[in-house]
Amino acid sequence: MIAPSELEAPDHKAIDSTKPEPIIALKDIIKSYTMGGVEVLAIRGISLIVERGEFVAIMGTSGSGKSTLMNIVGCLDVPTSGHYRLDGVNIRHLDDLALSRIRNKKIGFVFQGFNLIPRMSAIHNVELPMTYSGVKPAERRKRALVALDMVGLGDRLSHFSSELSGGQQQRVAIARAMCTNPSLILADEPTGNLDSRSSAELMSLFTGLHDQGRTIVMITHEPDIAAYASRVVVLRDGEIVSDRPQGTSSAVSYELSPSGRYSFGDSGVES
Amino acid sequence: MASAFGNLVMAVRGIGSNWLRTLLTMLGVLIGVASVIVLLAIGTGSSQSIEKSIESLGSNTLTVFSGASSSSSSGTKIRNSTLNTASVSALSNSLNDPDVKSVSPVVTTSVTATYNGSSYSTSVIGSTASYLSAENYTVSAGRSISHADVADRAQVIDIGTSVASALFATGSDPLGKQIQLGSSEFTVVGLLASKGSSGLSNQDAVAIAPYTAVQDQLTGESASFSELLVQGKTPATLSLAESEVESTLASLNDTTVANLPFTVIDSASLLSTATSSSKTFTALLGWVAAVSLLVGAIGVMNIMLVTVTERTREIGIRKAIGARRRVILTQFLIESTVISFLGGIFGAFAGILVSHFKIDGVTPVLASYSIPLALGVAVSVGIVAGFYPAHRAASLRPIDALRYE
Ligand SMILES: Nc1ncnc2c1ncn2[C@@H]1O[C@H](COP(=O)(O)OP(=O)(O)O)[C@@H](O)[C@H]1O
Ligand SMILES: [Mg+2]
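Described in the following lines is the structure provided in the data block. (Residues numbered from 1 in each chain as written. Chains lettered and ligands numbered in written order. Predicted model: local features only at pLDDT ≥ 70, side-chain atom pairs only at ≥ 80, totals over all residues. Heavy atoms only, no water.)

1. Overview of helix H8 (residues 211-219) of chain B
A turn of α-helix holds 3.6 residues, and therefore any two residues three or four places apart point the same way. Among the residues making up H8 of chain B, those that are buried are Tyr211, Thr212, Ala213, Val214 and Gln215 of chain B. A positive backbone phi angle near 95° is found at Gly220 of chain B, which sits one or two residues after H8 of chain B. (Buried < 20%, exposed > 50% of the residue type's maximum accessible area, 1.4 Å probe, protein only. Helix = DSSP H or I, 4+ residues; strand = E, 2+ residues; numbered from the N terminus.)

Next up, the structure:
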């Protein structure tokens, strides 16, 4: 796990010091879009805590706000209102530079559409986040090789994304997400464009990462994919309608309580 | 933070994604840079040749034209004053004009010279023997026209190399041959050594004959000359010679120097006028070229805007995985700079190449400053034209860029 960094807010110590901070702490998050003068509520008041080491599946019908939620969690978008602490850091007033550093160091993204950069080989794609964080070229290369080896693509280093199958591209994306050693891996329908065999391969990779102790938040609408997770959160119309642990893996038991153990009221965050 | 080299590699990769488009964009810059270099070379070349041709007129000659210079003409009673043989002998008097070496009357006309079926249009100068030395003409074969020829109204002629090569087959000797000028025949008695061509005129496309014969045969009898060529003793005393000429002509025509019905021009002032006007000409050409460079710059900006739009998604991905603003900005700036710089390099080569050819009678001379100037401008064009598109790319919100289809 990444060491506490300079990004941590000074109000960190106000939180109950006997427990580690949750990796994700969302409180009363609202996100609205204005389209043609009409206000659309994509997220209508979501509070959610995700502890370190959890593997959370977020389910829901299309348009229920899953991607919107993930974009907020991934610091790609900002909520209209509400509080969000990521790994103990209140991201509310961070500027573009700080947010890009958080995305770079703390989060690894895996998208439905793979989102590799075309005209760049697999290994260059994997190296790119490390390039942005200033890792030295030799170290970069070493770590990228390890990551690609881990996802079983050690023999496809110089292939371009157009020369790789969907499943292979998604594995490159996982290697890219992993190699910066992020606290959190966010995946938005990672199997959405894959056949069932590639999906199973990919899920075994996620399971492996989870077993190593990584925190994973994965959006899916397929129940058999959600079955790999240790906890399933269901959204409908921008609200959480169900949140339950499942399976026998190292799931952290969690009770849905709106007031939450991690109260923002006594954490020094303005309300 | 990506290294500068990594950025460069990325930029080149980005450029490589659409070679044809990139090449066409570079072509815009290439043409701009090449035209800056070529047009400045033409300007420099023509001003150098103008200077050379004026220098070859002789650095110590004065030309007297009939007609007052504009500054002294107004309000002056126009006399029936002409340049004639009396003027020539008055100016030749070394008592009045101690600093004048020679005075040559000049009658010019243009005719078609023919010999044995070949014809050539040439200017014919009717003058005296002293004209040749005043104008720095030397005879490479045969003899110069002489004072006796002038007195005898002899139909003899010295011809320039261009005339000789146009009329006579190579190897044949023009000396002693009769060439046809208009309806009269002149005997070639001398060949003029080549003075080379200039931006103004081909100084080898001339034929020099006694002015008496030219008046008899070509221009018709006249007591007056269109101009007199006065050669001073030395370049240093040319201004003395000029005032002597002016006062002699004034007293001869019963007037004052201020109201002199003639214009006296010395070759130095002709040179400075020509130099300043050719500088203006060069600057004008430079501006024309700058406009084409501007068009190239707009092309770069246009392509960079298209590139940014096309690669919006890529920008989104880069931002999602942690590229900060400055990295994106630098990436696109480097890309546009590389395009313009390469365009500039190729343009410099093209410009240097084209400058080796004679263009419209002018031999271009590469201006030493034009190449660094053009390349510097090309790089600035890349940075300036790339800045707005790069800034747009860098300012995209990651979520908007990622959602872009
Ligand atoms: N950029 C946007 N502008 C306007 N409306 C949006 C935008 N993004 C999402 N929405 C709306 O928000 C709701 C939730 O969308 P989304 O989070 O993409 O759903 P899901 O991923 O669960 O299918 C939808 O009604 C969608 O139309
Ligand atoms: Mg979605």
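2. Observations regarding the pattern of salt bridges
For the coordinates displayed, the defined rule picks out 22 salt bridges over all chains. With a shortest N-O distance of 3.0 Å, Arg231 of chain A and Glu54 of chain A are connected by a salt bridge. Placement of the pair is Arg231 of chain A in strand E9 (residues 231-236) and Glu54 of chain A in the loop between strand E2 (38-50) and strand E3 (55-60), with a sequence separation of 177 residues. Using a relative accessible area of 1% as the deciding quantity, one classes Arg231 of chain A as buried. On the accessibility criterion, Glu54 of chain A (1% relative accessible area) is buried. Ionic pairing is found between Glu139 of chain A and Arg143 of chain A, a salt bridge with its closest N-O pair at 3.2 Å. One end of the pair, Glu139 of chain A, and the other, Arg143 of chain A, are both in helix H4 (residues 137-150), four residues apart, so they sit about a helical turn from each other. Residue class for Glu139 of chain A comes out partly exposed when judged on its relative accessible area of 31%. Using a relative accessible area of 29% as the deciding quantity, one classes Arg143 of chain A as partly exposed. Three or more residues joined by partner-sharing salt bridges are found here, namely Arg119 of chain A together with Arg311, Glu314, Arg318 and Glu335 of chain B. (Salt bridge = Lys/Arg side-chain N within 4 Å of Asp/Glu carboxyl O.)

3. A closer look at the packing of aromatic side chains
Scanning the entire structure with this criterion turns up four aromatic pairs over all chains. Aromatic side chains Phe55 of chain A and Phe206 of chain A sit 6.5 Å apart centroid to centroid with 40° between the ring planes, which places their arrangement in the tilted category. Of the two residues, Phe55 of chain A sits in strand E3 while Phe206 of chain A sits in helix H6 (residues 196-211), which places them 151 residues apart along the sequence. Residue classification places Phe206 of chain A among the buried positions, given a relative accessible area of 0%. For the pair Tyr211 of chain B and Phe225 of chain B, a centre-to-centre distance of 5.0 Å together with 90° between the ring planes defines the contact as edge-to-face. Placement of Tyr211 of chain B in helix H8 and of Phe225 of chain B in strand E10 (residues 224-225) is noted, with a sequence separation of 14 residues between them. With a relative accessible area of 12%, Tyr211 of chain B lands in the buried category. A residue is classified by how much of its surface remains accessible, and Phe225 of chain B, at 3% relative accessible area, is buried. (Phe/Tyr/Trp six-rings, centres within 6.5 Å; stacked < 30°, edge-to-face > 60°.)

4. Structural notes on the pairing of strand E7 (residues 178-181) of chain B
All names here are of chain B. Where burial is concerned, the two faces of E7 differ: the one with Ile179 and Leu181 is buried and the one with Gln178 and Gln180 is not. Bridge count between strand E3 (residues 100-115) and E7: two bridges; the pairing is antiparallel. Residue Ala113 lies in a different strand from E7, and its bridge partner there is Leu181. Two strands pair when backbone bridges link them, and E7 and strand E8 (residues 184-192) are joined in this way by four bridges, in the antiparallel orientation. Bridge pairing in E8 links Ile179 to Phe186. Linking E7 to E8, which pair antiparallel, is a turn of two residues; within it Gly182 sits at a positive phi near 60°. (Pairing = 2+ DSSP bridges.)

5. Digging into the interface of chain B and chain A
At the junction of the two partners, chain B supplies 23 residues and chain A supplies 24 residues. Together chain B and chain A conceal approximately 2300 Å² of surface at their shared face, both sides included; 56% is due to carbon and sulfur atoms. For the side of chain B that touches chain A, the secondary structure elements donating two or more residues are helix H1 (4-16), helix H11 (312-320), helix H12 (325-354) and helix H14 (398-403) of chain B. No other element matches H11 of chain B, which puts six residues into the side of chain B that touches chain A. Grouping the constituent residues of the side of chain B that touches chain A by class yields eleven nonpolar, three polar and nine charged. (Contact = heavy atoms within 4.5 Å. Buried area = accessible area lost by both parts, 1.4 Å probe. Nonpolar A, V, L, I, M, F, W, Y, C, P; charged D, E, K, R; others polar.)

6. Brief notes about the nonpolar core
Core analysis: the biggest nonpolar cluster contains 70 residues, and Ile24, Tyr84 and Leu86 of chain A have the highest contact counts within it. The element best represented in this core is helix H2 (residues 19-56) of chain B, accounting for nine residues. Apart from residues lying up to four places away in sequence, Tyr84 of chain A is in contact with Ile24, Ala25, Leu26, Ile29, Ile72, Val73, Cys75, Val89, Asn90 and Ile91 of chain A. In this structure, Val124, Ile157, Phe168 and Leu228 of chain B belong to the second largest nonpolar core, which totals 39 residues. (Core = buried A, V, L, I, M, F, W, Y, C linked by side-chain atoms within 4.5 Å.)

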